[in-house]
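# Remarks on the overall topology
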Amino acid sequence: HDTRHEKVNTHTVFVDSDTEVETFDPDDFEPPVKRDEQAPDIHKALCKMKKQQYSLLRLRVQRAESLGKLLPSLKLQRTIAASKGSVKKTVDEETGVATYKWRK
C-alpha cells in the first residue's frame, strides 16, 4: 500500500429512499452516538446485562461438561440393563478402570 499520500476518511450513510439521497446534507448529519458519548446509566446497565449473560453462558458450559462426563456411564448402565445373562465386573487396581464380562 502507498503510505506517501494522506488517507482520505470516508463514511457511508444509508438512507431509506431516493428523495432522501437528493435532500441529504452532509454538513447537518449527526453520526451515531459512540460508546464514550453514551449516558453513564445506559452504559452501566449494558455492562450489567453483558456480565449476567456471560455468567449464564459460563454455567451452561459447565453443565454441558458435567453431562458429557456422565454420558458414558449412563450408556454403560443401559447396556448392562438391556443385556441378557449375567454380568461380571472387574476393576483394575492400578488405573481404576472397570471392565465388564457377560455370560450367557
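From a predicted model like this one, the values you see are computed outputs, not experimental measurements.

If you tally the helices and strands in the chain, you get two helices and two strands. Computed over its C-alpha atoms, the radius of gyration of the chain comes to 32 Å, more than 25% above the 13 Å expected for a compact globule of 104 residues. Here the chain holds 104 residues, and 0% of them are scored as buried. Contacts in the chain between residues at least 24 apart in sequence constitute 3% of all its contacts with a sequence separation of at least 6. Carbon and sulfur atoms make up 54% of the accessible area of the chain, which amounts to about 10,800 Å² in all.

What follows covers the confidence of the model for the chain. Within the chain, residue pLDDT values average 85, and 92% of them lie at 70 or more. Mean pLDDT across the elements of the chain ranges from a minimum in strand β2 (residues 98-103), with 83, to a maximum in helix α2 (residues 40-82), with 92.

A few words on the pairing of β2. As defined by bridge partners, strand β1 (residues 86-91) adjoins β2 across six bridges and the pair is classed as antiparallel. Counterpart to V87 in the pairing with β2 is W102. Between the antiparallel neighbours β1 and β2 lie six residues, among them G96 with a positive phi of about 80°.

Mapped onto the elements, S73 comes out in helix α2. In terms of polar contacts, S73 uses its side chain to reach the backbone carbonyl oxygen of L70, at 2.8 Å.

The rules behind these values
Numbers given for residues are sequential positions, taken from 1 along each chain in its written order. Reporting of local features is limited, given that this is a predicted model, to residues whose pLDDT is at least 70; pairs of side-chain atoms are given and counted only at 80 or more, and all residues count toward the totals for whole chains, interfaces and linings. Excluding hydrogens and water, the side-chain values take into account all heavy atoms of the structure. A run of H or I in DSSP counts as a helix once it spans at least four residues, and a run of E counts as a strand once it spans at least two, with each numbered from the N terminus. Note on method: radius of gyration uses C-alpha positions; expected globular size equals 2.2 Å times residues raised to 0.38. Think of it in three bands: residues with accessible area under 20% of the maximum for their type are buried, residues over 50% are exposed, and the middle band is partly exposed, with areas taken using a 1.4 Å probe on protein chains only. The contact rule is simple, with two residues in contact once any of their heavy atoms fall within 4.5 Å. Calculation of accessible area relied on Shrake-Rupley with a 1.4 Å probe; when residues are assessed, cover is drawn exclusively from the protein chains displayed. Per-residue confidence from the predictor is given as pLDDT, running between 0 and 100. Should DSSP find at least two bridges between two strands, the strands are taken to pair. N or O atoms closer than or at 3.5 Å make up a polar contact, with two conditions inside protein: a donor-capable atom paired with an acceptor-capable one, and, for residues adjacent in sequence, both atoms drawn from side chains.

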